[in-house]
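Single-letter residue listing:
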Amino acid sequence: MTRFKRSLFACALALCTALLAPLVAAATAAPLRTSEVINRDWTFTLGDPADGEAVDRDTADWRRVDLPHSFSEPYFLGTGFYVGHGWYRKSLTLPASIAGRRVSLEFDGVFQDAEVFVNGHRAGRHVGGYTGFSIDITPHAKPGRNLIAVRVNNEWNARVAPRAGEHVFSGGIYRNVRLVVTDPVHVAWYGTFVTTPLVTEERATVRVQTEVRNDRAGGDARVALVSEVLDPAGRRVATHRSERTVPAASTATFDQTLPDLSTPRLWSPDQPALYRMVSRLLVNGRLVDRFETPFGIRSVRFTADQGFFLNGKHLYLIGANVHQDQAGWGDGVTDGAARRDVQMIKDAGFNFIRGSHYPHSPAFTQATDELGLLFWSEAPFWGIGGFGADGNWLSSAYPPDEADRPAFEASVLQQVEEMVRIHRNRPSVFIWSASNEPFFTKGEAMPAMRDFLKREVAFFHRIDPTRPVAIGGAQRGEIDKLGDVAGYNGDGATLFLNPGVPSVVSEYGATMTDRPGEYEPGFGLMPDTPDQKNTNRPYAWRYPWRAGEALWAGFDHGSIASIEFGSMGFIDYFRLPKRQYHWYRNTYAGVPPPTWPVPGKPAQLQLTASQTVIRGTQGLDDAHLVVTVQDEAGRALSNSPDVTLSIISGPGKFPTGRSIRFSNKSLVAIRDGQAAITFRSYFAGRTVIEAASPGLKPARIVLTTTGPDRFVPGQSPLAPDQPVITYPPVTRKAFEGDPINVTINRPTSTSGADAGHEGPLANDDQVETFWRASAREGVAFWSVDLENLYALHWLSVVMPDDQAPAFVVEVSNNATDWRPAGEAKAGRKSHEFALFDKAIAARFLRIRFLAVTPDHPAALSEVRVIGKPAN
């Protein structure tokens, strides 16, 4: 290096040092923002005891829980769940350094009404079950020991969204909680909004709006904001400095456009490149806050005639609908479990996820950002077919009572605003959705519902003008043109052809089956599109104007409609793929299916884990365990004996405690030779887990949990056993003049019955009793005389087990001339038939089994016909 170059280099270094010196000095002189997850070691009780927030309250009968947590844990697909109150308490020790600083609690999700108390004082309240919130506890917090108490209820509220839906609505602090300490001058909660007004392959413009809060006791603050962009490799590629006065007790928004970035790395599912915006606040030259915002550079565009474009290139959206809950833990899933869900959809060759039907966790969209999946983020405004009078989640999507409407609309818009604030910097979030099937609204309220949808879409546009807004489930009610994009569910894929607006098939398929299912796709009604029925062109329904399609559903999920209604995923509730998943993965990702298990002689068990190291003790990570039945040669078998997983030594727990038992006769199920569950640990240490089954060689695995909270045998608490509780189902409340069950104790006739299992036992309103045909082969039937002519709305058929053969449903006015009304496949325990859209009126109903065998007898536990007099 020449003397001149050395001098030039030294000058440049001196200049950089001078510019950065205030930041370096400030960083070493003052503590900045701290954010600590506080998920472990809470106490909990169901119910609403008096003075649950009191510092001196005796809680000896409360039990330890760790977050994330659900009221109904352990939960395994029942149609009911605990409804009511629950209390959480946690002791929190704060350092002396909090003096003069702001202390907040950040919650990622509490369902659905949360009151937060600190040292016996009410610090704040949040209503809304799917969006996070921040509570400033500074006035009540103190150095030393503090008591945090949270009173939660999940009671249905006519004025809180959602009013309806087919999911389950269990209460609890089911997402993460953080303790955040900042300077009085700080970036507000999710207070940055990074946008890219110009995006090309050659350059990109980055704009950032930063909300700066001044809670200083000393009055106004002169604040400098230095914003810098770091590229995916961590190199600084742009910076901007602004300065302004922020008045006391107020929030000011800095609006900065940074120098253009040359040849930016664009975010896409194939290359999910992420940048970081680093925001530094200085007051009088002193660094007081540092805040990081991951973001991506990309452009999205929907068209009515050419579909969807990402970064200027056409992309057909191939996706799946995803609910958040998982076996045992219910809605309370870890960040690691959410990430595995995203990875499974990605591995199947899909490029987008529809978040059905509520805002998902920040961890979920972090995973879609990092792994590369587009995400459709939906507001919690949805409905359910067959809804009844107000009173629970089987109600009208939009309030029929005018007095409830202003508060309900405010609830929707509040959660929309929170959803947008939390997820607006995620490049994977490419569209907002205002709803799902809100047309399931009582008739007289439909005009008001449509008017509100228009105002909701306008509200979205006002708070985020950079993304389009969809109307999800828009196939009824004349609502499909109220947003920027129409999402058509089910038969909407065949009814709305070239609709003149950008459109997506937001739900198709709905294959209702337990694992393993069939190795075939579930394209639902799409192949029956009228103008494509006679064509042999593959995927003929993928018109040039259609933007994409989303499978219903990615995963089995809890449902108030029925267990079967929740079994439409191509991955089961325990996160084991059905064969349909492997069809899609083979077709879209080119991964051949595995060898299917076969019947054989079980000899041993195999126990595997998604990972053998669990990172941290705050419930952010976990391990997915899979037990496989094998023969002596190690071949996977379809035999499904009872299997028990037990913790032999060390820390950790299953949703049921230190052990969990799987049975093919239980909702805690082993099927097709495999069982699975997620394991957690809130203590650091080595855990030995054994899988055992009578007469089979057991298997063991060792998991290690890292972190500071060491497990001490004999001292650290062990997880207690938690039984699986069956809660009463959510039942529809009837409108005046509604259809009712017209079958109870009506006259029956049969082809024959075994002693003790006569025909009347199938309509006695007792699911425990059942009719069983005497025939062991051939045809058998059961019929009921409704003793009047009824307009039939719904038929529900429940079997004693899943061994019944296929059957047909027939109706008649005279018990002679029978008309078909439905048919059902073999191997299912329950069946539901919608009859109201077929305009069926009849006096007699018959269920006819076509191929009875000794192994598959004809039997019925309960037949319910919902109807009302035809006249």
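Our subject is the structure that appears above.
Criteria and thresholds
Sequence order as written defines residue numbering, which begins from 1 separately in each chain. Local features are withheld for residues below a pLDDT of 70 in this predicted model, meaning they are given only at 70 or higher, and side-chain atom pairs are given and counted only at 80 or more; totals for whole chains, interfaces and linings count all residues. The side-chain values count all of the structure's non-hydrogen atoms but skip hydrogen atoms and water molecules. Only DSSP runs of H or I covering at least 4 residues are called helices, and only runs of E covering at least 2 are called strands; the numbering of each starts at the N terminus. Based on C-alpha atoms, the radius of gyration is set beside the globule rule, defined as 2.2 Å times the residue count to the power 0.38. The classification of residues rests on relative accessible area computed with a 1.4 Å probe and restricted to protein chains. Under 20% of the type maximum is buried, over 50% is exposed, and intermediate values are partly exposed. Whether two residues touch is decided by their heavy atoms; if any such pair falls within 4.5 Å, the residues are in contact. Computed by Shrake-Rupley with a 1.4 Å probe, the accessible areas treat only the displayed protein chains as cover when residues are assessed. The charged-residue count follows a simple rule in which Lys and Arg add positive charge and Asp and Glu add negative charge, with His and chain termini not counted at all. Where a charge lies is defined by one atom per residue type, namely NZ (Lys), CZ (Arg), CG (Asp) and CD (Glu). Only Phe, Tyr and Trp rings take part, Trp by its six-membered ring, and two of them pair if their centres are within 6.5 Å. Stacked means planes under 30 degrees apart, edge-to-face means over 60, and tilted covers everything else. By definition here, a salt bridge exists when the distance from a side-chain nitrogen of Lys or Arg to a carboxyl oxygen of Asp or Glu is within 4 Å. Should DSSP find at least two bridges between two strands, the strands are taken to pair. In this analysis, axes come from line fits to C-alpha atoms, helices being fitted only over the stretch in contact, and the angle between any two N-to-C directions falls in the range 0 to 180 degrees. Whenever two N or O atoms come within 3.5 Å, that pair is a polar contact, provided that in protein one can donate a hydrogen and the other can accept it, and provided that, for residues adjacent in sequence, both atoms are side-chain atoms. Any angle that is under 35 degrees is reported as roughly parallel, and any over 145 degrees as roughly antiparallel; angles of 65 to 115 degrees are reported as roughly perpendicular and all others as oblique. In this scheme, a crossing is called left-handed if the near helix is turned counterclockwise away from the far one by less than a right angle; it is called right-handed if the turn is clockwise. Three categories are distinguished: nonpolar for Ala, Val, Leu, Ile, Met, Phe, Trp, Tyr, Cys and Pro, charged for Asp, Glu, Lys and Arg, and polar for the others, with Gly belonging to the last. Here, nonpolar core means buried Ala, Val, Leu, Ile, Met, Phe, Trp, Tyr and Cys residues that are tied together by side-chain atoms lying within 4.5 Å of each other.

Undergrad: So what about the overall build of the protein? Which residues, and what values?
TA: Helices and strands together make up the secondary structure of the protein, namely 7 helices and 49 strands. In summary, the protein has a C-alpha radius of gyration of 29 Å against a globular reference of 29 Å for 871 residues, a match within 12%. For the protein, the C-alpha atoms occupy an extent of roughly 105 × 70 × 60 Å along the three principal directions. Burial analysis of the protein (871 residues in total) assigns 57% to the buried set. Across the protein, every contact between residues at least 6 apart in sequence was considered, and the portion connecting residues at least 24 apart equals 72%. When the accessible area of the protein is evaluated, it comes to approximately 34400 Å², of which 52% is carbon and sulfur surface. Computing the positive centroid from 91 side-chain charges and the negative centroid from 94, the protein places the two 7 Å apart.

Undergrad: Run through the packing of aromatic side chains, naming residues and quoting values.
TA: In total, this model carries 52 aromatic pairs according to the counting rule given. The interplanar angle of 65 degrees and the centroid separation of 5.6 Å between the aromatic rings of phenylalanine 654 and phenylalanine 679 together place this pair among those described as edge-to-face. Of this pair, phenylalanine 654 sits in the loop between β35 (643-649) and β36 (659-662) while phenylalanine 679 sits in strand β37 (residues 674-679); the two residues are 25 residues apart in sequence, bridging distant segments of the chain. Here phenylalanine 654 falls in the buried class, since its relative accessible area comes to 1%. A connected cluster of aromatic rings, assembled from ring pairs, spans Phe350, Tyr508, Phe523, Tyr539, Trp541, Phe570, Tyr581, Trp583, Tyr584 and Tyr588.

Undergrad: Describe in detail the pattern of salt bridges, supporting the description with residues and values.
TA: According to the stated counting rule, one finds 54 salt bridges in the structure shown. For glutamate 444, the salt bridge identified is with lysine 442, shortest N-O distance 3.2 Å. On the basis of relative accessibility, which here comes to 23%, the residue lysine 442 falls in the partly exposed class. Here aspartate 572 ties to arginine 515 by a salt bridge, and the two come within 2.8 Å at their closest N and O atoms. Of this pair, aspartate 572 sits in the loop between β31 (546-552) and α7 (579-589) while arginine 515 sits in the loop between β30 (503-509) and β31, placing them 57 residues apart in sequence. Residue classification places arginine 515 among the buried residues on the basis of a relative accessible area of 7%.

Undergrad: Describe the pairing of strand β24 (residues 317-322), and please don't skip the residues or the numbers.
TA: Each regular strand displays side chains that alternate between the two surfaces of the sheet. Most of β24 sits inside the fold, with 6 of its 6 residues counted as buried. Side-chain alternation along β24 places Leu317, Gly319 and Asn321 on one buried face and Ile318, Ala320 and Val322 on a second face that is also buried. Bridge count for β24 against β31 is 4 bridges, and the pairing is parallel. Paired with glycine 319 across the strands is alanine 550, a residue of β31. Pairing geometry for β24 and strand β25 (residues 352-355), over 4 bridges, is parallel.

Undergrad: Explain the sheet that holds β24 to me, using residue names and the numbers behind them.
TA: Strand order in the closed barrel formed by 8 strands is β24-β25-β26-β27-β28-β29-β30-β31, and the pairing between neighbours is parallel. Within this sheet the neighbouring strands show an average axis-to-axis angle of 25 degrees, counted without direction. Sitting on the sheet, helix α4 (residues 405-423) is in contact with β26 (374-378) and β27 (429-436), with an inclination near 165 degrees to β27.

Undergrad: Explain the pairing of strand β47 (residues 841-852) residue by residue, including any values.
TA: Strand direction decides the pairing type here: strand β43 (residues 778-798) and β47, joined by 9 bridges, are antiparallel. Bridge pairing in β47 places aspartate 785 opposite phenylalanine 844. Two strands pair when backbone bridges link them, and strand β44 (residues 807-812) and β47 are joined in this way by 6 bridges, in the antiparallel orientation. When the bridges of β47 are listed, valine 811 appears paired with leucine 845.

Undergrad: I'd love a proper account of the side chain of glutamate 549, names of residues and values included.
TA: With respect to the helices and strands, glutamate 549 occurs in strand β31. A distance of 2.9 Å separates a polar atom in the side chain of glutamate 549 from a polar atom in the side chain of tryptophan 541. Among the polar contacts made by the side chain of glutamate 549, one reaches the side chain of arginine 542 at a distance of 2.8 Å.

Undergrad: Residue-level account of α7, with values.
TA: For α7, the set of buried residues is Arg579, Gln580, Tyr581, His582, Trp583, Tyr584 and Tyr588. Where α7 is buried, its residues contact β24, α2 (335-347), β30 and β31. The first or second residue beyond α7 is glycine 590, which carries a positive phi of 75 degrees.

Undergrad: I'd like a description of unusual backbone geometry, backed by residues and values.
TA: A negative phi holds for most residues other than glycine; trans holds for most peptide bonds. A cis amide bond, omega -15 degrees, links phenylalanine 111 with the succeeding residue glutamine 112. Within the secondary structure, glutamine 112 is located in the loop between β6 (110-111) and β7 (113-118). Of note, the amide linkage connecting serine 356 to histidine 357 takes the cis form, showing an omega dihedral of -20 degrees. Even without being a glycine, aspartate 41 presents a positive backbone phi close to 65 degrees. Along the chain, the position of aspartate 41 falls in the loop between β1 (34-37) and β2 (42-46).

Undergrad: Explain the side chain of threonine 687 to me, using residue names and the numbers behind them.
TA: Mapped onto the elements of the fold, threonine 687 is located in strand β38 (residues 685-692). Here threonine 687 falls in the buried class, since its relative accessible area comes to 0%. Only 2.6 Å separates the side chain of threonine 687 from the backbone oxygen of proline 651, close enough to count as a polar contact. The residues touching threonine 687, leaving out its near neighbours within four places in the chain, are Ile647, Ser649, Gly650, Pro651, Phe679, Ile701, Val702 and Leu703.

Undergrad: Requested: an account of the sheet that holds strand β9 (residues 133-136), with residues and values cited.
TA: Through backbone hydrogen bonds, the strands of a sheet pair up, either in parallel or in antiparallel fashion. Pairing is antiparallel across the open sheet formed by 4 strands, whose spatial order is β1-β12-β5-β9. The sheet is open, and its two borders are formed by β1 and β9, each paired with just one other strand. Across the sheet, the mean angle from the axis of one strand to that of its neighbour is 25 degrees, orientation sign disregarded. Where strand β5 (residues 102-107) lies against strand β12 (residues 177-182), 6 bridges are found, and the strand directions are antiparallel.

Undergrad: Talk me through the packing of α4 against helix α5 (residues 446-463); I want residue IDs and the actual numbers.
TA: The N-to-C vectors of α4 and α5 enclose an angle of 30 degrees; their axes lie 11 Å apart at closest approach. Judged by the inter-axis angle, α4 sits roughly parallel to α5. In the packing of α4 onto α5, the handedness of the crossing is right-handed. Seen from α4, the contacting residues are Arg405, Glu409, Val412, Leu413, Val416, Glu417, Met419 and Val420; seen from α5, they are Ala448, Phe452, Arg455, Glu456, Phe459, Phe460 and Ile463. Each residue belonging to the contact of α4 with α5 can be placed in one class, and the counts come to 10 nonpolar, no polar and 5 charged.

Undergrad: Give me the lowdown on the packing of α2 against helix α3 (residues 362-371), citing residues and values where you can.
TA: In contact at an axis separation of 9 Å, α2 and α3 are set at 40 degrees when each is read in the N-to-C sense. Viewed along their axes, α2 and α3 adopt a mutual orientation that is oblique. With respect to the hand of their crossing, α2 and α3 are arranged in right-handed fashion. Contact with α2, carried on its side by Asp335, Ala338, Arg339, Asp341, Val342, Gln343 and Lys346, involves Ala363, Phe364, Ala367, Thr368, Glu370 and Leu371 of α3 and no other residues of that element.

Undergrad: Before we move on, could you go through the nonpolar core and cite the residues and values that matter?
TA: Core analysis: the largest hydrophobic core is formed by 57 residues, its most contacted members being Ile345, Phe350, Phe381, Phe460, Phe570 and Tyr584. Of the residues forming this core, the biggest block, 7 residues, is contributed by α5. Contact partners of isoleucine 345, with chain neighbours within four places excluded, come to Ala320, Val322, Phe350, Phe352, Ile353, Leu373, Gly554, Phe555 and Phe570. Ranked by size, the runner-up nonpolar core spans 52 residues in total, among them Val629, Ala675, Ala676 and Ile677.

Undergrad: Outline the environment of alanine 407, listing residues and values.
TA: Tracing the backbone through its elements, the reader meets alanine 407 in helix α4. For alanine 407, a relative accessible area of 33% gives the class partly exposed. Along the sequence, alanine 407 and alanine 158 sit 249 residues apart, while their C-alpha atoms lie 9.0 Å from each other.

Undergrad: Quick one: what's the story with the environment of methionine 419, residue by residue and with numbers?
TA: Following the sequence through the fold, methionine 419 ends up in helix α4. C-alpha of methionine 419 to C-alpha of tyrosine 358: the two residues are 61 residues apart in sequence and 9.1 Å apart in space. If we skip the residues at most four places from it in the chain, methionine 419 touches Thr131, Pro359, Ser377, Glu378, Ala379, Trp432 and Phe460.

Undergrad: Break down the environment of aspartate 514 for me, with residues and values.
TA: Topologically, aspartate 514 is positioned in the loop between β30 and β31. Measuring from C-alpha to C-alpha, the distance between aspartate 514 and tyrosine 573 comes to 9.6 Å, with 59 residues separating the pair along the chain. Leaving out residues up to four positions away in the same chain, aspartate 514 has contacts with Ser567, Lys578 and Arg671.

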